[in-house]
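Examination of the molecular architecture
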Amino acid sequence: MTVRFQSLKIITEKELLPPADYLFDGHKLTKASTAAAADQEVRVDCSGLLGSRGWTDLRCFSGEPGQEYRETLETLALALIQGGMTEAVLLPNTQPPLQSKNEVAYVQSRTAGLFPTFHIQAAVTKNFMGEELTEMLDLNHHGVRIFGEGMEPLAHSDRMMKALQYLQKFDGVLFDQSVDPMLALFGHMHEGLASTRLGLKGIPDLAEEVAIQKNLEILRYTGGRLHIQTVSTRGALEQIRKAKKEGLAVTADVSIYQLLFFDKDLREFDTRLKVMPPFRGDSQREALIEGLKDGTIDALVSNHVPQDTDAKNREFDLAPFGMSGLPAFVPAVVTLADELGYPLLVSKLTSGPRRVLGQTEDDWTSLTVFDPEEVWELNEATNASLAENSPYWGQSVKGRVKYLINRGKMEGLYV
């Protein structure tokens, strides 16, 4: 069966193309050579819709195994679809952690039939204790190329060094949310004027910048590939920018919601806005925008960390970090498009993540199509995730996914 997407505006890394017809033959997407549709083609009217290569999320969490009440692999797949994603990297912070071939085989089996393509990030140290290394070479034999501690920083310098050395044996990549845990100890939000007014212990920029400086020095010594996740400060970006110019194999991403909220937004102690890294100030956001434009930041991520309602319905200093970032991801992209433009945003969801993952495929085998004008409300009826810890909960948002293609499969949503 061939599907004809009629009058679809395709977004490339450089421009927004005029409306045209595109054909999906069950394997890849190509531009139609004729305007007339064949009788056997399934026609899809895409007037007013935008499309691009399928989006990739380099950072999302599933509670399965062990915390299925937060998110199962199946509900995460639905949330990824709602967020316009065709591929995703799973964080290893499950119970038990994704740290041996048994857990990896379980997740591979559970996700094999799901629509998105899942890439597993396996733990570097057992139980994230920063001590005994996992069997990285054995895990690689079972298909794992991405390693990291997920929501925990790999703060032990020797383990960081050895991990980078081991991963070079099979061209693996080390993911790290770089933060000095001692400098961030007991912190609940960004350290600044807002935290002082609210009386909350702050997390200084220094906690991120010291950790990134140390990790980049280790990378200079060992070689290998390092991907720094959820960058949030100007100083960190300056160090990454310098390292890239020196030729180090370092990449970086930023949480999309880091571009939409500030530390001052926490003035009402809304625990849905308690995230790690914390929301920073105006100047840090300006630096993140610069980093996206000049290529210092390679990718946008949802940083989808679902939490159950009871966990978030507590005093601010007792509530856990994390936001449900996928259900309103498309509206977040639409919101930022006026300032950044769709070509730049799409590049950070397609070619940028592919470079991080070492993918070089040129054929369009995936597609994300969305309506930038559709208004809808995020609530219990529309939410694909199990979690409700989104700051957009109960609000009207603009922008909704319509069609996805991945691995020869097609999903049509809200049409």
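Calculation criteria
- Residues numbered from 1 in each chain as written.
- Predicted model: local features only at pLDDT ≥ 70, side-chain atom pairs only at ≥ 80, totals over all residues.
- Heavy atoms only, no water.
- Salt bridge = Lys/Arg side-chain N within 4 Å of Asp/Glu carboxyl O.
- Helix = DSSP H or I, 4+ residues; strand = E, 2+ residues; numbered from the N terminus.
- Buried < 20%, exposed > 50% of the residue type's maximum accessible area, 1.4 Å probe, protein only.
- Polar contact = N/O pair within 3.5 Å; in protein donor to acceptor, adjacent residues only side chain to side chain.
- Contact = heavy atoms within 4.5 Å.
- Patch = residues over 30% accessible without salt bridge, like charges linked within 9 Å, V, L, I, M, F, W, Y side chains within 5 Å.
- Areas by Shrake-Rupley, 256 points an atom, 1.4 Å probe, with all protein chains shown as cover.
- 1 Å grid on protein atoms, 1.4 Å probe; cavity = no way out; pocket = protein on both sides within 12 Å on 5 of 7 lines; lining within 4 Å.
- Points joined across faces, edges and corners; volume = space filled by probe spheres on them.
- Nonpolar A, V, L, I, M, F, W, Y, C, P; charged D, E, K, R; others polar.

This next bit is on the pattern of salt bridges. In this structure the tally under the stated criterion is 21 salt bridges. Its salt-bridge partner being K264, residue D282 comes within 4.0 Å of it at the nearest N-O pair. Taken as a pair, D282 in helix α8 (residues 282-294) and K264 in the loop between β14 (250-255) and α8 lie far apart in primary sequence, 18 residues in all. Where R285 meets E339, a salt bridge forms, and the shortest distance between an N and an O atom there is 2.7 Å. Linking R285 in helix α8 with E339 in helix α10 (residues 329-340), this pair joins segments that are 54 residues apart in sequence. A relative accessible area of 43% means that E339 is categorised as partly exposed. Linked through salt bridges whose partners overlap, the residues forming this network are R4, D21 and E41.

Moving on, we come to the side chain of T251. Take T251: it is sitting in strand β14. Overall, the relative accessible area of 17% leaves T251 in the buried class. A distance of 2.7 Å separates the side chain of T251 from the side chain of H227, its partner in a polar contact. Ignoring any residue separated from it by four or fewer positions in sequence, one finds T251 in contact with L226, H227, I228, K244, D298 and V356.

So, on to a nonpolar patch on the surface. A cluster of nonpolar side chains, namely M182, L185 and F186, defines an oily patch on the protein surface of about 360 Å² accessible area. Judged by its relative accessible area of 62%, F186 is exposed.

Looking now at the layout of surface pockets. Approximately 600 Å³ is the volume found for the largest pocket. Around the largest pocket, the lining is made up of 27 residues, and of these M151, E152, P153, M276 and F321 lie nearest the centre. Residues of the lining of the largest pocket, tallied by class, amount to 15 nonpolar, 9 polar and 3 charged.

Its location among the elements puts T56 in strand β6 (residues 55-60). Setting aside residues up to four positions removed in sequence, T56 forms contacts with M85, E87, L300, L349, P353 and L357.

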